[in-house]
Amino acid sequence: MLILTKTAGVFFKPSKRKVYEFLRSFNFHPGTLFLHKIVLGIETSCDDTAAAVVDETGNVLGEAIHSQTEVHLKTGGIVPPVAQQLHRENIQRIVQEALSASRISSSDLSAIATTIKPGLALSLGVGLSFSLQLVGQLKKPFIPIHHMEAHALTIRLTNKVEFPFLVLLISGGHCLLALVQGVSDFLLLGKSLDIAPGDMLDKVARRLSLIKHPECSTMSGGKAIEHLAKQGNRFHFDIKPPLHRAKNCDFSFTGLQHVTDKIIMKKEKEEGIEKGQILSSAADIAATVQHTMACHLVKRTHRAILFCKQRDLLPQNNAVLVASGGVASNFYIRKALEILTNATQCTLLCPPPRLCTDNGIMIA
């Protein structure tokens, strides 16, 4: 079993030139056969420090994760330097826990895979620096992983999904629609023109001061909106989905956020309360925002399905739509996408909620 010494916790800061030279010097070929295909995956792209050991058949041999949610709730959002420091403090322990749980000797690892993009630069740097040290120590191959590709392909760990399939990746940092034609073959159909859906939900939750709500004080912004929306009337406010006239598959969430801000300001004046206090209509606002976002996601995804089928990029029957990313764990949005796939003779597949959010398993 690998013993991660204290020296491994001292993070060097390689120059960008050295990192790029290292990545260029390493040629990883997906077809290469290892005697024992067991991969250690490391994920630090945002605010979760995660690691996992997975074998060639998809068996998860060991995993560990440290969430920073509680810390960032207090600051009202992710502060990159804080996230970086928390990654530094926990990555050695998390990797050791994943290896210990797997009962695999470090000498039996085939490679070390690590997220290198996209994400918060300071957070990514911690995982990359730690991994390069580990690669040098163990003399194992290094596999650079694209975070969004990992999300897109996670479904193949839990379901038998053949290429091609459509994927909707929705999270706190990203939003995109792509046709997955192979392991590294993606056709981008649409993306957010501004902020990500999870980011918008977090901002609305902060504007509603849901951290002060007794039922939502320990929840992330997205989870708080989903929880409170169950108690509200989604038709109480009339908000049109963004880009409803745009003939493409792109997304936009800034406009929805601004409209919601105006509604909140108006209700605060009507109820005679100051910013930071809980509105009596908070549940209705949460339900309306969630419903409008779901409609927007469904309409753009519908366009993508029609586009792909018209051009024979997807099979006419039983085409697969995969929804992944943190926002895909929202059950209201999942239900809306399920209605869409039923109407278009498609199949909706979603990884389990714990694999929708950032994790080391998808990297491995």
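Per chain, residue numbering runs from 1 following the sequence as it is written. Residues qualify for local features only when their pLDDT is at least 70, as the model is predicted, and side-chain atom pairs are given and counted only at 80 or more; totals for whole chains, interfaces and linings, by contrast, use all residues. Excluded from the side-chain calculation are hydrogens and water; included are all heavy atoms of the structure.

K.L.:
For this particular structure, what's the right way to read the packing of helix α9 (residues 254–271) against helix α10 (residues 282–310)?
P.N.:
A packed helix pair is summarised by two numbers, namely the angle formed by the two axes and the spacing between the axes. Packing of α9 against α10 brings their axes to within 11 Å, and their N-to-C directions diverge by 165°. By the angle class used here, α9 and α10 are roughly antiparallel. Remark: the crossing between α9 and α10 carries right-handed chirality. Touching L256, T260, I263 and I264 of α9 are I285, V289, T292 and M293, all from α10. Within the contact of α9 with α10, the residues separate by chemical class into 6 nonpolar, 2 polar and no charged. Lines fitted to C-alpha atoms define the axes, with helix axes restricted to the stretch in contact, and inter-axis angles between N-to-C directions lie between 0 and 180 degrees. To qualify as a helix, a DSSP run of H or I must reach at least 4 residues; to qualify as a strand, a run of E must reach at least 2; elements of each kind are numbered from the N terminus. Should an angle fall under 35 degrees it is taken as roughly parallel, and over 145 as roughly antiparallel, whereas 65 to 115 is taken as roughly perpendicular and any remaining angle as oblique. Here is the rule for handedness: rotate from the far helix to the near one, and if that takes an anticlockwise turn smaller than a right angle the crossing is left-handed, while a clockwise turn gives right-handed. By definition in these notes, contact holds between two residues if any of their heavy atoms fall within 4.5 Å. Put simply, Ala, Val, Leu, Ile, Met, Phe, Trp, Tyr, Cys and Pro go in the nonpolar bin, Asp, Glu, Lys and Arg in the charged bin, and everything else, Gly too, in the polar bin.

K.L.:
When you look at the side chain of S131 in this model, what are you seeing that I'm missing?
P.N.:
Turning to its location among the elements, S131 is positioned in helix α4 (residues 121–138). Residues within four places of S131 in sequence aside, it is in contact with I42, I112, T114 and F142.

K.L.:
Sorry if this is basic, but what is going on with the sheet that holds strand β5 (residues 142–146) here?
P.N.:
Strands belonging to one sheet form pairs held by backbone hydrogen bonds; the direction of such a pair is parallel or antiparallel. Taken together, the 5 strands give an open sheet; going across it, the order is β3-β2-β1-β4-β5, and neighbouring strands pair in mixed fashion. Looking at which strands have only one partner, the edges of the open sheet turn out to be β3 (60–67) and β5. The mean angle between the axes of side-by-side strands here comes to 20°, regardless of whether they run parallel or antiparallel. A strand pair is defined by DSSP finding two or more bridges across the two strands. Where strand β2 (residues 48–55) and β3 come together, 7 bridges link them in antiparallel fashion. Along β3, the bridge assignment pairs A52 with E63. Strands in contact with α4 are β1 (38–43), β4 (111–117) and β5; relative to β4, the strand with the most contacts, it is inclined by about 155°.

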